[in-house]
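This is what each chain is made of:
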2 protein chains.
Amino acid sequence: MSAELSDSCLKIATSAKAASRELASLDTTIKDRWLLESADALIEATDEIIAANEQDLAAASGYGLSDASIDRLRLDAGRIEGIATGLREIAALKDPIGEVLEGFTRPGGMRIEKRRVPLGVVFFIYESRPNVTADAAGICVKSGNAVILRGGKEAMHSSRAIVDILGRVAAKVGVPENAVQLVGTTDRAAVGHFLKMHEQIDVTIPRGGEGLIRRVAAEATMPVIKHYDGNCHVYVDASADVDMAVNVIENSKCQRLGVCNACESLLIHEQIMADALPAIAERLASRGIEMRVDKRAAAHVPGGVPATEEDFGTEYLGPTISIAVVDSLEEAADHIARYGSGHTEAIITNDLAAAERFTDLVDSAAVMVNASTRFNDGGMFGLGAEIGISTDKFHARGPCGLRELTSYKYIVRGNGHLRS
Amino acid sequence: MSAELSDSCLKIATSAKAASRELASLDTTIKDRWLLESADALIEATDEIIAANEQDLAAASGYGLSDASIDRLRLDAGRIEGIATGLREIAALKDPIGEVLEGFTRPGGMRIEKRRVPLGVVFFIYESRPNVTADAAGICVKSGNAVILRGGKEAMHSSRAIVDILGRVAAKVGVPENAVQLVGTTDRAAVGHFLKMHEQIDVTIPRGGEGLIRRVAAEATMPVIKHYDGNCHVYVDASADVDMAVNVIENSKCQRLGVCNACESLLIHEQIMADALPAIAERLASRGIEMRVDKRAAAHVPGGVPATEEDFGTEYLGPTISIAVVDSLEEAADHIARYGSGHTEAIITNDLAAAERFTDLVDSAAVMVNASTRFNDGGMFGLGAEIGISTDKFHARGPCGLRELTSYKYIVRGNGHLRS
């Protein structure tokens, strides 16, 4: 049984590798035609997709899904239009493959260029949202990569229907048959098999809970682009505009709870504490946020709960925030280096030198000056479709779109050049 | 004993991490002053370094080093001048840190820039050549990284002397004390400890034999930049100039044996086989190269030895080459995909379409047209100092210099911008 599973996984990975060789030099026109015609085909197949989705919904309560999860799983005509729109947006993005990143001529006349190429095969593990199936397929193929999709079992029928439609269009327009493959089995052991196939798979991208990502990072024998949640900070500098501080903190914390770029911790300069903290606390209280405060902050935060050391390292992903008072910008930066996760941090300041110093000192994927932490997002940055937000520094950091799924090669043109 | 070793490794890694935070925003002037004054200081300390080197040389025979290895280990005034010159060349390179990779303004006026930053802490494992100690320290610090150096035990006294001098200059010019640290123990277990410290170490770069690199890649919990040897191919297209083919193959194979970018396998189009193979074989024979040939090639290679399947997958790193005849450029590309290692491949051709097709189809770190495979090298590419040549596609591919030791962060400037 296990040997059979292992064989079927290897067959998927090997055929993906073969497809990736074709994809690497596939003309942009063909990739874009596949995206646009797939968008049309998905809309035409609305009934077929909804029927498949109903099978998933019927099984959902058996999986113990929450109402919110069931809602995310549900497809209707409007959501299928949304999926189609997503594919059309990817078609409109510039093809990254073949871009010359730099080029120069060496003494002696040898010409060198650094040309962008696909990574090869992407193994993508993701949660139970059928729209992600089409999105990920589109991003990978547009960037010249083959993809092995391992979606949550809860959306299996919906994903299968979508991938089948993408495959029919692929056959028609000349995209390799195995460019997009869905792992058919829900056996969790399959993931373990794929994670050992570094000969075939160039990168694994796990999306989901921290436990899944840690397991994948520990087991994978190929590179992994990790996507952890963030313990994001807003630091209110001595020079901050109080109204701006109140609004940015409210937006960073409350615009959406439970997301990776929501603010989890507030740091405030002691010089502005008495002016700003009461207004911040009032606003956060009005939004139902519990405040865990250090000793100095406590005096200015009615109803604040004493914070423990653990609070400052916690990503609440919910209606709680920790608050600490600092004596300087440098102390804020040290606190962030100690407790933060390098995701997103913001400073609120009117002092240019402080803004420069903070953006220098803080080593996070995104450092905001007078803007909400919620902006760290590929869509908000205008980078186009994204397959995730990397919390790594290696290879890709922050939003991962088409370019983050690429590598490069050096092309060297000579005239019989020999090394002496 | 093991707990003590583990503690001392953690102390090194933790202090490197602290140093890396300072280095990240250290002014270029200070880094360059450190490089230039270190160059002077090494020359001034020639006697001290040679005395240390003599201790290594005295122990060398006890380690069973070959004469060639002992020669590489030996330092004299000229070689110390060479090390100093290397540091001066790094000082002359542009500082990659702070480079704005791109920048733009979003609708609504939020400004976004993608700024190059250091990776953080590099753990570098390398062979017993004392010049590499100074080179690696220079490359890492110039790119804003702290480095933990784990050199071969055979060069320990020489490396210690060099690192001590770099440290004295660091204290003088304001480079953090722990920017460059040499692992003092020769206990092999230390490497295992460091490879688990992904909280402190951002990347490991192992240089040495394939066994070492495989061990490091398997054990490391942080990213690894791998540097394997290459099974490099030269493909002689139907349209090739025969003289050029003979010269490029000789240079690719013989200019230096046993290096990663030397040619190990020759592929030749059947249409040019009868014209070109005899001349190629004569030249290679005159250089003492043994030829392992497939059936069709055999008729044109006097003294050729029948090749086995295994030959085509072998990196001889010595005076042997495999030779196969192909019916088309596509067959050559398929052969390379099957047997190659993605390091360096070359085509010899006068046909523009063939050159374009080959550079499209072949997925190697460097693809040469009418040039020797031996050019795949940071120095030959004019990229400046390098710490290795990556055979990975992820993060860095090909020569790894200053820029390959960096990441980036997004800096976002708003005016109280909120996400709606």
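Above this text is the structure in question.
First, a word on what this report is: a plain description of the structure on this page. The shown structure was predicted, so the numbers you read here are calculated from the model rather than taken from an experiment. (Residues numbered from 1 in each chain as written. Chains lettered and ligands numbered in written order. Predicted model: local features only at pLDDT ≥ 70, side-chain atom pairs only at ≥ 80, totals over all residues. Heavy atoms only, no water.)

### Quick notes on the packing of helix 6 (residues 130–142) of chain B against helix 7 (residues 156–173) of chain B
All names here are of chain B.
And then number 1: At a closest axis distance of 8 Å, the pairing of helix 6 and helix 7 adopts a crossing angle of 30°. If you check the angle between helix 6 and helix 7, you find them roughly parallel. The chirality of how helix 6 crosses helix 7 is right-handed. Of helix 7, the residues touching helix 6 (which contributes Pro130, Thr133, Ala134 and Ala137) are Ser158, Ser159, Ile162, Val163 and Leu166. (Axes fitted to C-alpha atoms, helices over the stretch in contact; angles between N-to-C directions. Helix = DSSP H or I, 4+ residues; strand = E, 2+ residues; numbered from the N terminus. Parallel < 35°, antiparallel > 145°, perpendicular 65-115°, else oblique. Left-handed = near helix turned anticlockwise from the far one by under 90°. Contact = heavy atoms within 4.5 Å.)

### Thoughts on the state of the cysteines
All names here are of chain A.
And then number 1: Applying the stated criterion across every chain yields a total of 0 disulfides over all chains.
And then number 2: As a non-bridged cysteine, Cys140 has Cys400 as the owner of its nearest cysteine sulfur, 11 Å distant.
And then number 3: When its relative accessible area of 0% is taken as the criterion, Cys140 is described as buried. (Disulfide = S-S within 2.5 Å. Buried < 20%, exposed > 50% of the residue type's maximum accessible area, 1.4 Å probe, protein only.)

### Describing the environment of Val163 of chain B
All names here are of chain B.
And then number 1: Here Val163 lies in helix 7.
And then number 2: Sequence separation of Val163 and Gln181 is 18 residues, and the distance between their C-alpha atoms is 7.3 Å.
And then number 3: Those residues in contact with Val163, other than ones at most four positions away along the chain, are Thr133, Leu149, Val180 and Leu182.

### Structural notes on the relation of the copies chain A and chain B
And then number 1: Note on the copies: chain A fits chain B at an RMSD of 0.1 Å, the axial shift is 0.0 Å, and the rotation between them is 180°. In the structure described here, the two chain copies are related by an operation that fits a two-fold rotation axis. When C-alpha distances to the rotation axis are compared across chain A, the minimum falls at His395 of chain A, with a value of 1.9 Å.
And then number 2: A symmetric contact is evident, with 100% of the interface residues of chain A recurring at the interface of chain B. (Least-squares fit on C-alpha atoms with pLDDT ≥ 70 in both.)

### What about the pairing of strand 9 (residues 290–293) of chain B?
Regular strands place side chains that alternate from one sheet face to the opposite one.
Residues and elements named next belong to chain B.
And then number 1: Here strand 9 shows a clear split, with Met291 and Val293 buried on one side and none of Glu290 and Arg292 buried on the other.
And then number 2: With 4 bridges connecting them, strand 9 and strand 11 (residues 320–326) associate as parallel partners. Pairing of Glu290 across the sheet is with Thr320, part of strand 11.
And then number 3: In terms of strand pairing, strand 9 meets strand 10 (residues 305–306) through 2 bridges, oriented parallel. Of the residues in strand 10, the one forming a bridge with Arg292 is Val305. (Pairing = 2+ DSSP bridges.)

None of this, on its own, says anything about what the molecule does.
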